Amino acid sequence: MNKDLVKNKYNLKIKEFNKHNRLYYNKSKPIITDAEYDRLKNEIIILEKKYKYLRNNSSPNLQVGFKPSKSFEKFKHKVPMLSLANAFGEEDLINFEKKIFNYLSKNIKFDYSVEPKIDGISASLTYIDKKLIYGVSRGDGETGEVITENLKTIKDIPLEIKSRDFPDEIEIRGEVFIKKKDFFKIKDKFANPRNAASGSLRQKNPNETKKIPLNFIAYTFGYTQYNLHKYQSDFLNDLKKWGFKINKDNKIINSIDELIKYHKSFEAKRFGLDYDLDGLVYKVNDLNLQNRLGFTSNSPRWAIAHKFSADSAKTMIINIDIQVGRTGALTPVAKVKPVNIGGVVVSNATLHNEDEIQRKDIRIGDTVTVERAGDVIPHVIEVDKNKRGKNAKKFQFPTSCPSCGSDTTKEFNVTTKKYDAVRRCTNESYGCEKISIEKLKHFISKDALNIDGLGKKVVEKFWDLHFIKKPQDIFSLNYNKIVNLEGWGKQSVNNLKNSIEKSKKISLQRFIYSIGIRHIGIESAKLISDNIKNISNFIELIKLKQFDKFLNIDGIGETQINSLKNFFSNKLNSDIVIELNSILKIENQISNENGKLRDKSFMFTGKLDGISRAEAKSLIEKNSGTTLSSVNKKLDYLVLGEKATKRKVEQAKNLGINIISFEELRKLLN
Ligand code: IVH
């Protein structure tokens, strides 16, 4: 065919293709079927293949929608995308409900919204003026990646909403997943359907995402301008009305007995469903109650994931390794003959601690049952003693640290009057190699410095190469050496450099957590930073060793104080903090400055009416106040409940502290 004729024909098809893209992606009004669209696209690709001179930037192979994403921008979620706590049986569910009753200080009846827990990848969709503006991945829960163009290729995701009652601004969240039958077609490329969905969503070229048929089921909201609904079930119904797909097996159930029955029946039919799921999610249906219950540091108090039972298999223990953790804990791990458990090859199983080995009398060479549930580390359930060889010897747990040779101890717990089940290395600092590596891994982890490109494996490698021995070494890496290492190049070194630079700006709370002090998790780090406000105060305290001051903080007890004292009795640890302070930009803790209780401190005594301590405390914090755990000059208000402690009231009177009832506190808040 004449070159000009070919070009003309091609250009017409490209024009047509662009028109349908515009109709689909920008106007959300396709006028041809998917099959017709694919046919048109195919015709263009055939022409390009035949006449190489046609290839150009308009090729459908190079574009999807109108703005193909090149790299993923970061996006801080307005409301964090947290995970769910797990329940494995009735006892866990009873405990979950008990905690709700305790928090609300009342045994009340409520319904659960029950939803299948699809094993996919969660995504957040922000709609402004009824149009999809941002599509973001979960990321680390706080910050995700903008993958709007990729998400737009999913047919279940509406690009524009027609309904009149759709809010002006709302963030809809749900699960992206691939159906089993579609996964089957591409199973050689990915380990499981979840990986296929996640791999496909993170393609730099949305065209690649489009090749894999992804689905989206909506189940919750993140940010909303105002409260729209009374019940989760109403919200789910509206999602459907607005054009989202919701799970057809969502249900309302009002008792633990019924939850268990539904779970059993659902588990029986799980393999017949066309998607992978790993359990059911139970949510308190009343959104007002959800709001009151709020969140712990990583999951809501109002929801739980009831997992399906674990898969298990028999295998043999080849060896028992002793791993040394960040806090010096010696954890025995069974190296087992590789065995397939529910589609995953398992070759390690945790034996938890020394006591567990003794209790179950686990020996090298034993045939054992190993269980694996979801993403939890596989563990040994029982030993088949009939299969034990005559010469099998009892396992001797080491009494010195396998990493540094130091003595190990089992601590005595004064409260329980028992020795700890865990044996620990006594060299708890940068003197023990294994502990050091684990500390470094903690330092760079998601909830701490969160350094992209510096994962656990890289830390191990850099340790072996003597690049990083202490946290501060991360900030003086010799990039010229790294660029020459296998697997590294200019681009990845640049990325690493940038993310290290970025990580220097850190909140006080994250910094305190990142140091890796035993018993100082995210929650305690927050309590301490709220109290101490800035890093200079923290360092001052370390120098003066005045940790008892923290006893005043509600939520910090002897355990944390002793751990702080012990940690900073080692000069190396204080030196590291001081040095890190000179490298990092540690931000002052900013509390919600605008609340009604700003700069005011409160303490409770006695039982409050109709509200638990925990909820009352969170109410004060939400309004910028603080709560203290002892009466002293710094206290502004003592809030009296029923049977208040007389001594505390007397102390407060002597110090001239305001004594108020809970009702009066409510009045302060209007
Ligand atoms: S609600 C604050 N509902 O489970 C928690 N999550 O472990 C909000 N998931 O990251 C999540 N089905 O990927 C919720 N019906 C459902 C869900 C669901 C699956 C996933 C989701 C989330 C993870 C939480």
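Please refer to the structure higher up on the page.
Here goes a summary of the coordinates provided. These figures come from a predicted structure and were not determined experimentally.

About the criteria used
Residues numbered from 1 in each chain as written. Predicted model: local features only at pLDDT ≥ 70, side-chain atom pairs only at ≥ 80, totals over all residues. Heavy atoms only, no water. Helix = DSSP H or I, 4+ residues; strand = E, 2+ residues; numbered from the N terminus. Contact = heavy atoms within 4.5 Å. Areas by Shrake-Rupley, 256 points an atom, 1.4 Å probe, with all protein chains shown as cover. Lys, Arg positive; Asp, Glu negative; His and termini not counted. Charge placed at Lys NZ, Arg CZ, Asp CG, Glu CD. Near = heavy atom within 4 Å. Polar contact = N/O pair within 3.5 Å; in protein donor to acceptor, adjacent residues only side chain to side chain. Nonpolar A, V, L, I, M, F, W, Y, C, P; charged D, E, K, R; others polar. Buried < 20%, exposed > 50% of the residue type's maximum accessible area, 1.4 Å probe, protein only. Pairing = 2+ DSSP bridges. Axes fitted to C-alpha atoms, helices over the stretch in contact; angles between N-to-C directions. Parallel < 35°, antiparallel > 145°, perpendicular 65-115°, else oblique. Left-handed = near helix turned anticlockwise from the far one by under 90°. Core = buried A, V, L, I, M, F, W, Y, C linked by side-chain atoms within 4.5 Å. Disulfide = S-S within 2.5 Å. Phe/Tyr/Trp six-rings, centres within 6.5 Å; stacked < 30°, edge-to-face > 60°. Salt bridge = Lys/Arg side-chain N within 4 Å of Asp/Glu carboxyl O.

Before going further, it helps to spend a moment on the overall build of the protein. Per the secondary structure count, the protein includes 23 helices and 26 strands. Over its C-alpha atoms, taken along the principal directions, the protein stretches across nearly 95 × 70 × 55 Å. In the protein, the proportion of contacts linking residues at least 24 apart, taken out of those at least 6 apart, comes to 67%. Counting every atom, the protein has about 35300 Å² of accessible surface; 48% of that belongs to carbon and sulfur. For the protein, the separation between the mean place of its 118 positive charges and that of its 83 negative charges on side chains is 3 Å.

Moving on, we come to the site of the ligand. Inspection of the region around the ligand gives 13 residues, with Leu84, Glu115, Glu175, Tyr219 and Lys283 positioned closest. In the model, an oxygen atom of the ligand is placed 2.7 Å from a nitrogen or oxygen of the glutamate 175 side chain. In this structure, an oxygen atom belonging to the ligand sits 3.5 Å away from a side-chain N or O atom of tyrosine 219. Expressed as a share of its isolated accessible area of 520 Å², the protein-covered part of the ligand is 88%. Looking at the shell around the ligand, the elements that each hand over two or more residues are strand 3 (112–118) and strand 10 (277–284). Here the element with the most residues in the shell around the ligand is strand 3; it accounts for four residues. The residue inventory of the shell around the ligand, partitioned by class, reads seven nonpolar, two polar and four charged.

This part is about the pairing of strand 10. Across the eight residues of strand 10, eight count as buried, placing the element largely inside the fold. For strand 3 and strand 10, the ladder comprises seven bridges, and the chain directions are antiparallel. Following the sheet pairing, valine 114 is matched in strand 10 by tyrosine 282. Where strand 10 and strand 11 (residues 303–307) come together, five bridges link them in antiparallel fashion. Within strand 11, the residue paired with tyrosine 282 across the bridge is isoleucine 304.

Further remarks concern the side chain of lysine 439. Its location among the elements puts lysine 439 in helix 12 (residues 433–444). On the basis of relative accessibility, which here comes to 1%, the residue lysine 439 falls in the buried class. Ignoring sequence-local partners within four residues, the contact set of lysine 439 consists of Arg326, Glu428, Ser429, Tyr430, Gly516 and Phe567.

Attention now moves to the sheet that holds strand 26 (residues 658–661). Across the sheet, four strands lie side by side as 24-23-25-26; this open sheet has parallel pairing. Strand pairing shows two members of the sheet lacking a second neighbour, strand 24 (626–627) and strand 26, which therefore form its edges. As paired elements, strand 23 (residues 601–605) and strand 24 share two bridges and run parallel to each other. Within the sheet, the bridge partner assigned to phenylalanine 602 lies in strand 24 and is threonine 627. Relative to the sheet, helix 22 (residues 646–655) contacts strand 23, strand 25 (637–640) and strand 26, its axis offset from that of strand 25 by approximately 150 degrees.

Quick look at the packing of helix 12 against helix 13 (residues 456–464) now. At a closest axis distance of 10 Å, the pairing of helix 12 and helix 13 adopts a crossing angle of 135 degrees. As far as their axial angle goes, helix 13 and helix 12 are oblique. The hand of the helix 12/helix 13 crossing is right-handed. Between helix 12, through Glu433, Ser436, Ile437, Leu440, Lys441 and Ile444, and helix 13, the contact on the second element is made entirely by Lys456, Val459, Glu460 and Trp463. Of the residues in the contact of helix 12 with helix 13, the class split is five nonpolar, one polar and four charged.

Another point: the sheet that holds strand 10. Strand pairing in a sheet is mediated by backbone hydrogen bonds. Such pairs are either parallel or antiparallel. The strand order 2-11-10-3-9 describes an open sheet built from five strands, whose pairing is mixed. The open sheet is flanked by strand 2 (85–87) and strand 9 (251–253), the only strands paired with a single partner. Averaged over all neighbouring strand pairs, the angle between strand axes comes to 35 degrees, with direction disregarded. Both strand 3 and strand 9 contribute to a ladder of three bridges, which runs antiparallel.

This part covers the nonpolar core. Among the nonpolar cores identified, the biggest contains 55 residues, and Phe462, Ile482 and Phe550 are the most heavily contacted of them. With five residues, the single largest contributor to this core is helix 18 (residues 535–544). Apart from the residues within four sequence positions on either side, phenylalanine 462 is in contact with Leu454, Phe467, Ile468, Leu477, Ile482, Leu485, Trp488 and Leu496.

Along the chain, the position of phenylalanine 538 falls in helix 18. The spacing of phenylalanine 538 and threonine 626 is 88 residues in sequence and 18 Å in space, taken between C-alpha atoms. With sequence-adjacent residues up to four places away left out, phenylalanine 538 is seen in contact with Ile512, Ile515, Ile528, Ile532 and Phe568.

All right, on to the state of the cysteines then. Taken as a whole and judged by the stated rule, the model has zero disulfides. The cysteine cysteine 404 is free of any disulfide, with cysteine 425 supplying the nearest cysteine sulfur at 3.7 Å. Look at cysteine 404 and you get partly exposed, because its relative accessible area is 29%. With relative accessibility at 4%, the residue cysteine 425 sits in the buried group.

Turning our attention to the pairing of strand 12 (residues 311–324). Sheet topology note: the strand 12/strand 15 (residues 367–372) ladder contains six bridges and is antiparallel. Paired with serine 312 across the strands is glutamate 371, a residue of strand 15. For strand 12 and strand 13 (residues 330–341), the ladder comprises seven bridges, and the chain directions are antiparallel. Looking at the pairing, glutamine 323 lines up with threonine 331 of strand 13.

Here we come to the packing of aromatic side chains. Scanning all chains against the criterion turns up 23 aromatic pairs. Both rings, one in phenylalanine 177 and one in tyrosine 275, keep their centres 6.0 Å apart while their planes meet at 65 degrees; by these two values the pair is edge-to-face. Of this pair, phenylalanine 177 sits in strand 7 (residues 169–178) while tyrosine 275 sits in the loop between helix 9 (256–269) and strand 10, and the two are 98 residues apart along the sequence. Judged by relative accessible area, phenylalanine 177 falls into the buried class, the value being 6%. We classify tyrosine 275 as buried; its relative accessible area is 7%. Arranged with centres 6.2 Å apart and planes meeting at 80 degrees, the rings of phenylalanine 538 and phenylalanine 568 form a pair that is edge-to-face. In this pair, phenylalanine 538 is assigned in helix 18 and phenylalanine 568 in helix 19 (residues 558–568), connecting sequence segments 30 residues apart.

Should their charged atoms come close, side chains of opposite charge can pair. The full count for this structure, using the stated rule, is 45 salt bridges. Ionic pairing is found between glutamate 411 and arginine 518, a salt bridge with its closest N-O pair at 3.0 Å. Taken together, the positions of glutamate 411 in the loop between strand 17 (408–409) and strand 18 (412–413) and arginine 518 in the loop between helix 16 (508–514) and helix 17 (522–532) put the pair 107 residues apart, joining distant regions of the chain. Note that arginine 666 and glutamate 663 form a salt bridge whose closest N and O atoms lie 3.9 Å from each other. Here arginine 666 and its partner glutamate 663 are both found in helix 23 (residues 662–668), three residues apart, which amounts to about one turn of the helix. Overall, the relative accessible area of 37% leaves arginine 666 in the partly exposed class. Owing to a relative accessible area of 47%, glutamate 663 belongs among the partly exposed residues under this scheme.

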